[in-house]
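Architecture at a glance
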Amino acid sequence: MGKLFVIMGKSATGKDSIYHEIVKRCPQLREIITYTTRPMREGETYGKEYYFVTKEEMYEMRENGKIIECREYDTVLGPWFYFTADDGQLDFDKGDYILISTLEGYEKLQAAFGIGSIVPVYIEVDDLERLERAVRRERSQVSPCVPELCRRFLADEEDFSEERLQMAGIEMRIVNEDLETAVENVEKLIRGNTHITLD
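Now for a quick tour of the structure.

What counts, and at which threshold
- Every chain begins its residue count from 1, and numbering advances along the sequence as written.
- For a predicted model such as this one, the threshold for reporting local features is a pLDDT of at least 70, and the threshold for listing and counting side-chain atom pairs is 80 or more; totals across whole chains, interfaces and linings nevertheless cover every residue.
- Neither water nor hydrogens contribute to the side-chain values; these are computed over all heavy atoms in the structure.
- Think of it this way: DSSP has to see at least two bridges between two strands before they count as a pair.
- Secondary structure is summarised from DSSP: a helix means a run of H or I of at least four residues, a strand means a run of E of at least two, and numbering begins at the N terminus for each.
- Pairs of residues are marked as contacts when any of their non-hydrogen atoms sit within 4.5 Å.
- Only the contacting stretch of a helix is used when fitting its axis, a line to C-alpha atoms as for every element, and angles between N-to-C directions run 0 to 180 degrees.
- Computed over the protein atoms alone on a 1 Å grid, cavities are sets of points where a 1.4 Å probe fits but cannot get out and pockets are open sets with protein on both sides within 12 Å along at least five of seven lines; a residue lines them when it has an atom within 4 Å of a point.
- Grid points are joined across faces, edges and corners, and a volume is the space filled by probe spheres set on the points.
- When residue character is reported, Ala, Val, Leu, Ile, Met, Phe, Trp, Tyr, Cys and Pro are called nonpolar, Asp, Glu, Lys and Arg charged, and the others, Gly included, polar.
- Exposure is judged per residue with a 1.4 Å probe applied to protein chains only, and the accessible area is read against the type maximum: over 50% gives exposed, under 20% gives buried, and values in between give partly exposed.
- Neither His nor the chain termini are counted; the positive set is Lys and Arg, and the negative set is Asp and Glu.
- Any Lys or Arg side-chain nitrogen found within 4 Å of a carboxyl oxygen on Asp or Glu counts as a salt bridge.
- Under this definition, polar contacts are N or O atom pairs within 3.5 Å; protein pairs additionally need one hydrogen-donor-capable and one acceptor-capable atom, and for neighbouring residues in sequence, both atoms have to be side-chain atoms.
- Under this scheme an angle from 65 to 115 degrees is roughly perpendicular, one under 35 degrees roughly parallel, and one over 145 degrees roughly antiparallel; angles in between are oblique.
- Take the far helix as your reference; a near helix turned counterclockwise from it by less than a right angle gives a left-handed crossing, and one turned clockwise gives a right-handed crossing.

Our focus in this paragraph is the sheet that holds strand β6 (residues 78–85). The strand order across the open sheet built from 4 strands is β4-β3-β6-β5, with neighbouring strands paired in mixed fashion. Two strands lie at the open edges of the sheet, namely β4 (51–52) and β5 (67–75), each paired on one side alone. Sheet topology note: the strand β3 (residues 35–36)/β4 ladder contains 2 bridges and is parallel. Within the sheet, the bridge partner assigned to T36 lies in β4 and is F52. Docked against the sheet, helix α3 (residues 103–113) engages β5 and β6, running at close to 160° with respect to β5.

Dropping the structure here:
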C-alpha cells in the first residue's frame, strides 16, 4: 500500500523548489497535480504547477463527484479555488505519491484516505525572510499585486497557526534556511515512511 506525501507551508517557504528537487531525485514518487481557478503566474505551465481551470469547469467536476477536497480563498481579485480531483492520478496500489497542498487540504485528504496513507511534510521559514522572498517573487510578475501578497501573508498566520498545526498533528518541521539541507531532510522523512530507496 502506497503513501501520499503532502508538502505544505506558508507562502514563500520554498515549497515548489523543494517539491521539484524531490521529484527529480526520487523518480519513484508519482506526482499528483492539483487544480486551481486562479490565474497562471509568470513562468507557470498548465499541468506542471497546477491544472488551471475555470470555475465552470470546477463546478462541473463537483457535480460529477470528481472533487476529493476543495479550498476557497477570498482574494483581492475575487474567490480562488484549489482542489484535488479524483481523475485517475491517485492509486495507492501502484506506489507512492507526492503533492503540494495546504493544511486544510492535508486534513481533507486524511479524512478521505485515512491517517496512515497521508504523510505531512511541513516546510517552515522565518517570517521576515518569507516576506522578503514573497516581495521578490511578486516583483517578477508581469502585473504585481501587492494587496494580494499582503492578504496571503496575513491569511497564512491564521491558516497555519500553532493551534491548527497541533490539532492536525503536525509535529515535525523542516526549516528551509538552506535549500539543499531542506531537501535532504525531506528525503530522510520520505525514507523513514516508505519502502522507497533514495540514491
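Picking up where we left off.
Glancing now at the side chain of S11. For S11, the location among the structural elements is in the loop between β1 (4–9) and α1 (15–25). The contact partners of S11, leaving out residues within four places of it in the chain, are R130, R137, R152 and D156.

Turning to the pairing of β5, a few remarks are in order. Bridge analysis of β5 against β6 gives 8 bridges, and the strand direction is antiparallel. Among the inter-strand pairings, T75 is bridged to a residue of β6, identified as G78. Once β5 ends, the chain turns through 2 residues before running back antiparallel as β6.

This paragraph deals with the sheet that holds strand β7 (residues 97–100). Judged by pairing direction, the sheet is parallel, and its 5 strands sit side by side in the order β2-β7-β1-β8-β9 without closing on themselves. The open sheet is flanked by β2 (30–31) and β9 (174–175), the only strands paired with a single partner. Where β2 and β7 come together, 2 bridges link them in parallel fashion. From the neighbouring strand, R30 faces β7, where its bridge partner is Y97. Across the sheet, α3 lies against β1, β7 and β8 (118–124), angled at about 170° from β8, the strand it touches most.

So, about unusual backbone geometry. A negative phi holds for most residues other than glycine; trans holds for most peptide bonds. One non-glycine residue, A12, adopts positive backbone phi at about 65°. With respect to the helices and strands, A12 occurs in the loop between β1 and α1.

So, on to the layout of surface pockets. Taken as a whole, the largest pocket spans an internal volume of roughly 820 Å³. Lining the largest pocket we find 40 residues, and of these S11, K15, Y50, Y82 and I100 sit closest to its centre. Per-class residue counts for the lining of the largest pocket are 13 nonpolar, 9 polar and 18 charged. Within this model, the second largest pocket holds a volume of roughly 250 Å³. Along the wall of the second largest pocket there are 14 residues; nearest its centre are M40, R41, E138, Q141 and S143. Each residue belonging to the lining of the second largest pocket can be placed in one class, and the counts come to 6 nonpolar, 2 polar and 6 charged.

Tracing the sequence through the fold places E49 in the loop between β3 and β4. For the buried E49, no salt bridge is present, and the opposite-charge side chain at shortest range is K48, 4.6 Å distant. A polar contact of 2.8 Å, which involves the side chain of E49, links it to the backbone nitrogen of T45. If we skip the residues at most four places from it in the chain, E49 touches I33, G43 and E44.

It is the contact of helix α4 (residues 127–139) with helix α5 (residues 146–159), at a shortest axis distance of 11 Å, that shows an interaxial angle of 150°. In terms of orientation, α4 and α5 fall into the roughly antiparallel class. As for the relative orientation of α4 and α5, their crossing is right-handed in sense. In this structure, α4 uses D127, R130, L131, A134, V135, R137 and E138 to contact α5, whose residues at the interface are L149, R152, F153, D156 and E157. Class assignment of the residues belonging to the contact of α4 with α5 gives a composition of 5 nonpolar, no polar and 7 charged.

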